Amino acid sequence: MAAPVARGECSEAALAAALADVPELARLLELDPYLKPFALDFQRRYKKFNETLNNIGENEGGIDKFSRGYESFGVHRCADGGLYCKEWAPGAEGVFLTGDFNDWNPFSYPYKKLDYGKWELYIPPKQNKSQLVPHGSKLKVVIRSKSGEILYRISPWAKYVTREGENVNYDWTHWDPEHPYKFKHSRPKKPRGVRIYESHVGISSYEGKIASYKHFTYNVLPRIKDLGYNCIQMMAIMEHAYYASFGYQITSFFAASSRYGTPEELKELVDTAHSMGITVLLDVVHSHASKNSEDGLNMFDGTDSCYFHSGPRGNHDLWDSRLFIYSSWEVLRFLLSNIRWWLEEYGFDGFRFDGVTSMLYHHHGMGQAFSGDYHEYFGLQVDEDALIYLMLANHLVHTLYPNSITIAEDVSGMPALCSPISQGGVGFDYRLAMAIPDKWIQLLKEFKDEDWNMGNIVYTLTNRRYLEKCIAYAESHDQALVGDKTLAFWLMDAEMYTNMSVLTPFTPVIDRGIQLHKMIRLITHALGGEGYLNFMGNEFGHPEWLDFPRKGNNESYHYARRQFHLTDDDLLRYKFLNNFDRDMNKLEERCGWLSAPQAFVSEKHEGNKIIAFERAGLVFIFNFHPSKSYTDYRVGTTLPGKGCFLPLTEILSPGIIELPEVIAAVIMWVG
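Residues numbered from 1 in each chain as written. Predicted model: local features only at pLDDT ≥ 70, side-chain atom pairs only at ≥ 80, totals over all residues. Heavy atoms only, no water.

The protein carries the name 1,4-alpha-glucan branching enzyme in an unreviewed UniProt entry, which gives Felis catus as its organism. Taken verbatim from the UniProt record of the protein, the Sequence similarities (unreviewed entry) comment is "Belongs to the glycosyl hydrolase 13 family. GlgB subfamily." Note on the protein: under the UniProt heading Catalytic activity (unreviewed entry), the record states "Transfers a segment of a (1->4)-alpha-D-glucan chain to a primary hydroxy group in a similar glucan chain." (UniProt positions renumbered as here; feature names shortened; annotations may be inferred.)

This is how it looks when you write it as structure tokens:
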């Protein structure tokens, strides 16, 4: 990170007060003395976090009770067979429940108004004690707005929503199965070095259709296990009406997407992953919400506020979505309960928080270059309400399940984002190293091979804050989307369609592409962070881009799929990339470089195009020269004893590198 511009020092008395208020702030300032001028900012944030936590304790009985909102809000069957319903609709003049159970009479079951904008309803049981609202029946909340308008809404706490036939909007389907899924397997231990397989259930089949939870469970999970990944990040699980949004325009926050199957089938997926020792993370979207009103949160009570800021502040101009008001008591209850719901109801082991940069700043990161000047991370541009929410969310997750994992998608480089809350940090376990894939794409798009700068590559791969862990990745779903290209496509482009057969001779394009695809992934894995991520299919150089069905492509599913069968064909070269990825992960499992201290880079030679570094008792040597191979190449090392030189052809499975040249090697230190 660039050297920060100095800020006026706070007084000794003010610094002493900050150190007294924040238990381990001294440790943070010891690790990064440049943060000392901002000690008062850390003090204010920590005090505001503590104040909010204490208020929750005084008014709600603690965050444990506060985060169980889903146990009372929404619709619930009582022990006596009756129905208890509760909603927060501060802008409503009246609230009613309707549905199949009362022949859609909109006003026969009115809610009673409570304090603070809450409404509740109790419906006594039938005389024969049968279910008043049967499992699978349709419901709606009816809102009478202050202007007298009658609005039909889905409860923000709805656990299952479905869309039938050609209907545009989703329906609220009451989910109360007689035999709910019971988990059979315990959560796996927290991985020592996390290797993440970024996954999307809907595109996980080679067929041109939306795949199911069942398909993913029985066909994709075994592949992930075989590849050596110990963690999956599930995308697009929270219900989203628009499939092509990739799951980032959420309409129902407590509902698992019904387009893939039922809630019980998702639970089976998570449970099966746990049986394989695989940690399961949810891609959680609390940075914004869909503008849909009839089947979303927007305008729930007839006003443009409720869960969101009113007026322009409540709109994200780039995403065309609504922005939460994180200072609202009931919004905090809703979001923290949502976090807990996915942990406890579905057994998820943590979260990747989407859009954290947008949450952290009032400018939402739009038009910002983030030079590394520390003034960019403090001051009035920071949305401290959102920051406090993220601290509360991390506190809740790690209090409930200490082995849980939280990852921040932040491009700004906010200092202390992944530092403990006790140090004044936000409390995430990892942040995504988002500059790394951009660097690889830039090199492939803009530079000839002979012009690659070794020092710049090393800088990008190692430029991270000390003791704030990063998830490194060469490419994710962002690079796979239509409008961009995967690494494999940048490297091999159209020849992937014609020259990937082992029956055809190597062409220069395929020759170079396969080599660089492996080298880029290995150096990113070994040097780029404390965790590693791969988007499904990219491990074997998946051909084509990713494009969801939409009007612009005639609603086609042709590019909304993953062709895993290509790796099973012995006549195609995709298997070599797939096997390389598997053995790379297995080698990390054996040697543990992701959990080792940051690497020591011993050489970045521009003329020879050599990068050499040591990590976890291994010496990695990469030759990026487009035309030169070397014999008897001398590399210095801090490790005493003898090294066993192993080209990747030997340390990994035979046949992974088909070429005679040694393009990269790992030295196993045995002395």
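This part covers the confidence of the model for the protein. Across the protein, pLDDT averages 92, with 94% of residues at or above 70. Under a pLDDT of 50 for its full length, residues 1–6 has, in the predicted model, 16 contacts with residues more than four places off or in other chains. This model gives residues 649–663 a pLDDT under 50, and the stretch forms 37 contacts once residues within four places in sequence are excluded. (pLDDT = per-residue confidence, 0-100. Contact = heavy atoms within 4.5 Å.)

Quick look at empty space enclosed by the protein now. According to the stated counting rule, one finds 3 cavities of 30 Å³ or more in the structure shown. Its boundaries defined by the atoms lining it, the largest cavity holds a volume of some 60 Å³. Forming the boundary of the largest cavity are Glu 198, Gln 233, Arg 352, Glu 409, Leu 432, Met 434, Tyr 473, Ser 476, His 477, Asp 478 and Leu 533. Of the residues contributing to the lining of the largest cavity, the split by class is 4 nonpolar, 3 polar and 4 charged. (1 Å grid on protein atoms, 1.4 Å probe; cavity = no way out; pocket = protein on both sides within 12 Å on 5 of 7 lines; lining within 4 Å. Points joined across faces, edges and corners; volume = space filled by probe spheres on them. Nonpolar A, V, L, I, M, F, W, Y, C, P; charged D, E, K, R; others polar.)

A few words now on the sheet that holds strand E10 (residues 194–200). Ordered by their spatial adjacency, 8 strands build a closed barrel running E10-E11-E14-E17-E18-E19-E20-E21, and the pairing between neighbours is parallel. Shown here is a sheet whose adjacent strand axes are inclined to one another by a mean of 30°, direction ignored. In the packing of helix H9 (residues 384–400) onto the sheet, contacts are made with strand E17 (350–353) and strand E18 (405–408), and the angle to E17 comes to roughly 160°. (Pairing = 2+ DSSP bridges. Helix = DSSP H or I, 4+ residues; strand = E, 2+ residues; numbered from the N terminus. Axes fitted to C-alpha atoms, helices over the stretch in contact; angles between N-to-C directions.)

All right, on to unusual backbone geometry then. Of note, the phi angle at Cys 306 is positive, near 55°, even though the residue is not glycine. Relative to the helices and strands, Cys 306 is located in the loop between strand E14 (279–284) and strand E15 (315–316). Given a relative accessible area of 7%, Cys 306 falls into the buried group. For Glu 555, which is not glycine, the phi dihedral falls at a positive 60°. Tracing the backbone shows Glu 555 in the loop between strand E21 (531–535) and helix H15 (565–568). (Buried < 20%, exposed > 50% of the residue type's maximum accessible area, 1.4 Å probe, protein only.)

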